[in-house]
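Each chain is listed here by its residues.
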Amino acid sequence: ANAARMKEGASRLVMPEVPEDIFVSAVTEAVNINRDFVPDYASGGSLYIRPLLFASGPMLPLKVTDQFSFVVSVTPVGNYFHGNSAGVSAAVVD
């Protein structure tokens with residue numbers, strides 16, 4: 001689902017689509033390389049995974065570029081609601 005969502009977003013932004021096999025391979029490799037940093041299950045933490053596709057070609061004026069970069073960033077994160085199972089209040093405004 002995530003690979004398809006990135007592919008759809010890239011298409012809408014006139015960016016090259018990242019093939020699903022490359023997407024899955026990159027995410028898998030990023031997680032495997034950082035396996036030692038995955039928080040213990042009991043801690044309530046997790047490994048935040050963020051695939052990014054961005055224009056990276058040289059450009060001064062606002063114009064379409066032909067150079068893009070695909071990266072996968074992973075970061076261990078703690079439990080945002082540690083000791084508070086109530087969660088947060090939020091308002092959704094249309």
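Residues numbered from 1 in each chain as written. Predicted model: local features only at pLDDT ≥ 70, side-chain atom pairs only at ≥ 80, totals over all residues. Heavy atoms only, no water.

1. With respect to the overall build of the protein chain
A count of helices and strands for the protein chain gives 2 helices and 2 strands. For the protein chain, the succession of helices and strands along the chain, N to C, is α-α-β-β. Partitioning the contacts of the protein chain with sequence separation of at least 6, the portion at a separation of at least 24 is 49%. (Helix = DSSP H or I, 4+ residues; strand = E, 2+ residues; numbered from the N terminus. Contact = heavy atoms within 4.5 Å.)

2. With respect to the side chain of T65
In this fold, T65 is placed in the loop between β1 (46-55) and β2 (68-77). Engagement of the side chain of T65 in a polar contact is seen with the backbone nitrogen of Q67, the distance being 3.3 Å. Those residues within four positions of T65 in sequence are excluded, and the remaining contacts are A55, G57 and M59. (Polar contact = N/O pair within 3.5 Å; in protein donor to acceptor, adjacent residues only side chain to side chain.)

3. Side note on the pattern of salt bridges
Inspection of every chain in the model, using the stated rule, returns 1 salt bridge. A salt bridge links R12 to E8; the nearest nitrogen and oxygen atoms lie 3.0 Å apart. Remark: E8 and R12 occur in helix α1 (residues 2-12); sequence separation between them is 4 residues, near one turn of the helix. When its relative accessible area of 48% is taken as the criterion, E8 is described as partly exposed. (Salt bridge = Lys/Arg side-chain N within 4 Å of Asp/Glu carboxyl O. Buried < 20%, exposed > 50% of the residue type's maximum accessible area, 1.4 Å probe, protein only.)

4. Quick look at a nonpolar patch on the surface
A surface patch of nonpolar side chains, amounting to about 220 Å² of accessible area, comprises L52, F54 and V71. When you line up the elements, V71 lands in strand β2. (Patch = residues over 30% accessible without salt bridge, like charges linked within 9 Å, V, L, I, M, F, W, Y side chains within 5 Å. Areas by Shrake-Rupley, 256 points an atom, 1.4 Å probe, with all protein chains shown as cover.)

5. Brief notes about the layout of surface pockets
By volume, the largest pocket amounts to about 280 Å³. Lining the largest pocket are 13 residues; nearest its centre among them are N2, R5, M6, R50 and P51. Of all the elements in the fold, those that place two or more residues in the lining of the largest pocket are α1, α2 (20-33) and β1. With 5 residues, the single largest contributor to the lining of the largest pocket is α1. Taken together, the residues of the lining of the largest pocket sort by class into 9 nonpolar, 2 polar and 2 charged. (1 Å grid on protein atoms, 1.4 Å probe; cavity = no way out; pocket = protein on both sides within 12 Å on 5 of 7 lines; lining within 4 Å. Points joined across faces, edges and corners; volume = space filled by probe spheres on them. Nonpolar A, V, L, I, M, F, W, Y, C, P; charged D, E, K, R; others polar.)

6. Topic: the environment of R50
Of note, R50 is situated in strand β1. When the C-alpha positions of R50 and T75 are compared, they lie 8.6 Å apart, and in sequence the two are 25 residues distant. Ignoring any residue separated from it by four or fewer positions in sequence, one finds R50 in contact with V71, V72 and S73.

Taken by themselves, the reported measurements are silent on function.
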